[in-house]
Amino acid sequence: MSTVRIGVIGIGMIGEEHIRRCSQVLSGAEIVALFDLNTDRANDVIAKYSLDAHVAESAESLIHDPAVDAVFVTSWGGTHAAYVLEAIAAGKYVFCEKPLATTVSDCERIVAAEVDGGRRLVQVGFMRPYDSGYRDLKARIDDGTIGEVLMVHAAHRNPSVGDTYTTDMAITDTLIHELDVLRWLLNDEFVSVQVLFPRGTSVAHAKLKDPQLVILHTKRGVIADIEVFVNCQYGYEIRCAVVGEKGEVALPEFPAPVVRHGGAISQTVLMDWKKRFIAAYDTEIQDFINGVSDGKLRGPDAWAGYLAAATADACLRAQISGEIEPVSIISRPDFYKH
Ligand code: NAP
């Protein structure tokens, strides 16, 4: 395939970001169709990036348009499953932002549809495995530098969140990235989870318990503690330190100049998620484009989307019960044993 013609469903923050990178940064793709509930917004984005594209009448007509080779699903999470299933039915490649679906049963339906079709068509928008920091961590784990892994200490901090962000979203929207990347990093499976609520910050609204501490146990006995603190006020930070028998390997600080001034040493902390993973998003979407072009997707698959959703489901149960909850996983189809 020469140029991959992409249709985008959902032109919000990340939809626009992916359109920008496809039209200004990456190679081998063009945006040819857009759909959003807000047609004016889609038209504005066409004008802003001077796209040679049209606004489709519906998401379904965009998916079935013969002039569209591949679909980006960047609308709100609850809409993902229906669009991904439609794309599979149409035999189209689909890049679906996380989460693959908001329920485990919808993830299972997607997995089953892809297996039935006999062709890998789905890539899930877990971009952390494309981040150079995480890749370096994985290399040091895999080459035995730190010996057998025993523990992981991780944190996901945002400066603040809006009123619509609730306690469960700390798992389904935020922790879901850690659930995917830690499984990939450790090459291990989660078997149980517990969620603890420390003293809550006074700046969180009534429907959000913040922070939360998630304790994950893996099949090999590794314990990972992950702090999710989405009103930390001072900045956006992702931390991950993996402790092994012979040492520790940790994500580096996001590079920023160290300033010495007025009797102090300081370093800027990002306030926004977009810049922290900007290179990873570029690599992720370029990999999807290349995969569509040569008929072989390589990024996180629908099974990865299902595993993250099933683990998130156990975390949601643990939020309510306060107990250690098992992670139950269906048996992996041979299709995903690659
Ligand atoms: P957003 O800014 O709210 O954008 C979502 C867009 O989709 C809005 O323009 C919305 O229109 C539109 N939309 C809603 N329902 C739709 C439907 N049924 N069909 C077509 N368009 C629809 O949200 P966002 O922050 O871009 O997030 C979108 C998705 O990306 C979410 O699943 C989120 O979890 C994921 N995400 C991933 C990352 C990452 O790091 N990988 C980062 C950010 C977001 P209205 O505004 O009119 O409702």
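As shown above, the structure is provided for reference.
Residues numbered from 1 in each chain as written. Predicted model: local features only at pLDDT ≥ 70, side-chain atom pairs only at ≥ 80, totals over all residues. Heavy atoms only, no water.

Colleague: Could you clarify how one ought to interpret the overall build of the protein in this entry?
Modeller: Broken down by element type, the protein carries ten helices and 15 strands. In terms of overall size, the protein behaves like a compact globule, its C-alpha atoms giving a radius of gyration of 20 Å where 338 residues would be expected to give roughly 20 Å. On the principal axes, the C-alpha backbone points of the protein span a range of 55 × 55 × 45 Å. By the burial criterion, 54% of the 338 residues in the protein qualify as buried. Residue pairs in contact within the protein that sit at least 24 positions apart in sequence constitute 72% of those at least 6 positions apart. Carbon and sulfur atoms make up 51% of the accessible area of the protein, which totals about 15,300 Å². (Helix = DSSP H or I, 4+ residues; strand = E, 2+ residues; numbered from the N terminus. Rg over C-alpha atoms; globule rule 2.2 N^0.38 Å. Buried < 20%, exposed > 50% of the residue type's maximum accessible area, 1.4 Å probe, protein only. Contact = heavy atoms within 4.5 Å. Areas by Shrake-Rupley, 256 points an atom, 1.4 Å probe, with all protein chains shown as cover.)

Colleague: Which parts of the structure should I look at to understand empty space enclosed by the protein?
Modeller: Rolled over the atoms, a probe with the dimensions of a water molecule shows which regions are left empty. Evaluation of the coordinates by the stated rule reveals one cavity of 30 Å³ or more. Looking at the largest cavity, its volume works out to about 30 Å³. Arg-183, Glu-189, Phe-190, Leu-307, Thr-311, Val-327 and Ile-329 together form the lining of the largest cavity. Class assignment for the residues of the lining of the largest cavity results in four nonpolar, one polar and two charged. (1 Å grid on protein atoms, 1.4 Å probe; cavity = no way out; pocket = protein on both sides within 12 Å on 5 of 7 lines; lining within 4 Å. Points joined across faces, edges and corners; volume = space filled by probe spheres on them. Nonpolar A, V, L, I, M, F, W, Y, C, P; charged D, E, K, R; others polar.)

Colleague: Would you explain the environment of Asn-158 in this entry?
Modeller: Considering the arrangement of structural elements, one finds Asn-158 in the loop between strand 7 (149-157) and helix 7 (169-186). Spatially, the C-alpha atom of Asn-158 lies 7.3 Å from that of Gln-233, the residues being 75 residues apart in sequence. Leaving out residues up to four positions away in the same chain, Asn-158 has contacts with Thr-174, Phe-229, Val-230, Asn-231, Cys-232, Gln-233, Gly-235 and Tyr-236.

Colleague: Hey, could you run me through the sheet that holds strand 2 (residues 29-35) in this one?
Modeller: Sheet strands line up and pair through hydrogen bonds in the backbone, either parallel or antiparallel. The sheet built from six strands is open, its strands ordered 3-2-1-4-5-6 with parallel pairing. Both edges of this open sheet fall to strand 3 (54-55) and strand 6 (122-125), since each of them pairs with a single strand only. Across two bridges, the pairing between strand 2 and strand 3 is parallel. Of the residues in strand 3, the one forming a bridge with Ala-33 is His-54. Helix-sheet contacts for helix 1 (residues 13-24) involve strand 1 (4-9), strand 2, strand 4 (70-73) and strand 5 (93-97), and the interaxial angle to strand 2 is about 150°. (Pairing = 2+ DSSP bridges. Axes fitted to C-alpha atoms, helices over the stretch in contact; angles between N-to-C directions.)

Colleague: Looking at this structure, I do not really get the site of the ligand. What am I missing?
Modeller: For the ligand, the set of nearby residues contains 24 residues, the closest of which are Ile-14, Asp-36, Glu-97, Lys-98 and Tyr-281. Separating an oxygen atom of the ligand from a side-chain N or O atom of His-80 is a distance of 3.3 Å. Alone, the ligand offers 910 Å² of accessible surface; in the complex the protein occludes 78% of this. With respect to the detected pockets, the ligand is housed in the largest pocket. Elements with a contribution of two residues or more to the shell around the ligand: helix 1 and helix 4 (80-89). Here the residues of the shell around the ligand sort into twelve nonpolar, nine polar and three charged. (Near = heavy atom within 4 Å. Polar contact = N/O pair within 3.5 Å; in protein donor to acceptor, adjacent residues only side chain to side chain. Sits in = over half its atoms within 2 Å of the grid points.)

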